[in-house]
Amino acid sequence: MRQVHSMLACGVAIAAILATPAIAQDRKKAPTPPSPELFEALEACRGIADNTQRLACFDSTSATLSAAVDSKQIVVIEEKEVQKTKRSLFGFRLPDLSIFGGKDNDTEADKTLNTTIKSLGRAAGGRWNIGIPEGAVWQTTEAMTINPAVGDAVEIKAGVMGGYFLKVRNKRAVRAKRVE
């Protein structure tokens, strides 16, 4: 009897261990946001067979949608504007908004910013303040082995645990932080 309880307890422990990654994975996935009601109504118009009724549905729903955009209840953003905003905010911790892709959807390109040096300033200890065209200023948190120049290519890459690495002219990367 004791052996049966031991085997049963062992089986339950193994099942719990095997289920843990699946549970953790389910917790990581954010549910997809529901479609806005106006877009669902617009989509429903497509299913109407009668041409006159379908056109009336499209006209009515699109007028309501246009009014919602005009009153800023709904904001329409093009992909290029989202990308421009992501570049200007690179280095800041953003809320997990679906318009920015969310942390689970980040690609390698979302974790790297390739740009140029717009302005330079020396900081104490051989560090540099590096301004980029996107409007940010990055400060190296360790000395650099080269002297950067305005116009040099810069790669800023997100590291582990919220850190960043800055590489000038494809030389050795140094730690950096966004200061502006």
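Attention here is on the structure that accompanies the text. (Residues numbered from 1 in each chain as written. Predicted model: local features only at pLDDT ≥ 70, side-chain atom pairs only at ≥ 80, totals over all residues. Heavy atoms only, no water.)

1. A short note on the pattern of salt bridges
- Throughout the structure, instances matching the rule amount to 5 salt bridges.
- For the salt bridge of lysine 167 with glutamate 155, the shortest nitrogen-to-oxygen distance reads 3.8 Å. With lysine 167 in strand E6 (residues 164–168) and glutamate 155 in strand E5 (residues 153–158), this pair connects stretches of sequence that are 12 residues apart.
- Judged by relative accessible area, which is 24%, lysine 167 ranks as partly exposed. (Salt bridge = Lys/Arg side-chain N within 4 Å of Asp/Glu carboxyl O. Helix = DSSP H or I, 4+ residues; strand = E, 2+ residues; numbered from the N terminus. Buried < 20%, exposed > 50% of the residue type's maximum accessible area, 1.4 Å probe, protein only.)

2. Concerning the nonpolar core
- Of all hydrophobic cores here, the largest spans 17 residues; its most connected members are Ile130, Ile132, Trp138, Ile156, Leu166 and Val168.
- Those elements that provide at least two residues to this core are strand E3 (127–131), E5, E6 and strand E7 (174–178).
- Ranked by residue count, the leading element in this core is E6, at 3 residues.
- What isoleucine 132 contacts, discounting residues up to four positions off in sequence, is Leu113, Thr115, Thr116, Lys118, Trp138 and Ile156. (Core = buried A, V, L, I, M, F, W, Y, C linked by side-chain atoms within 4.5 Å. Contact = heavy atoms within 4.5 Å.)

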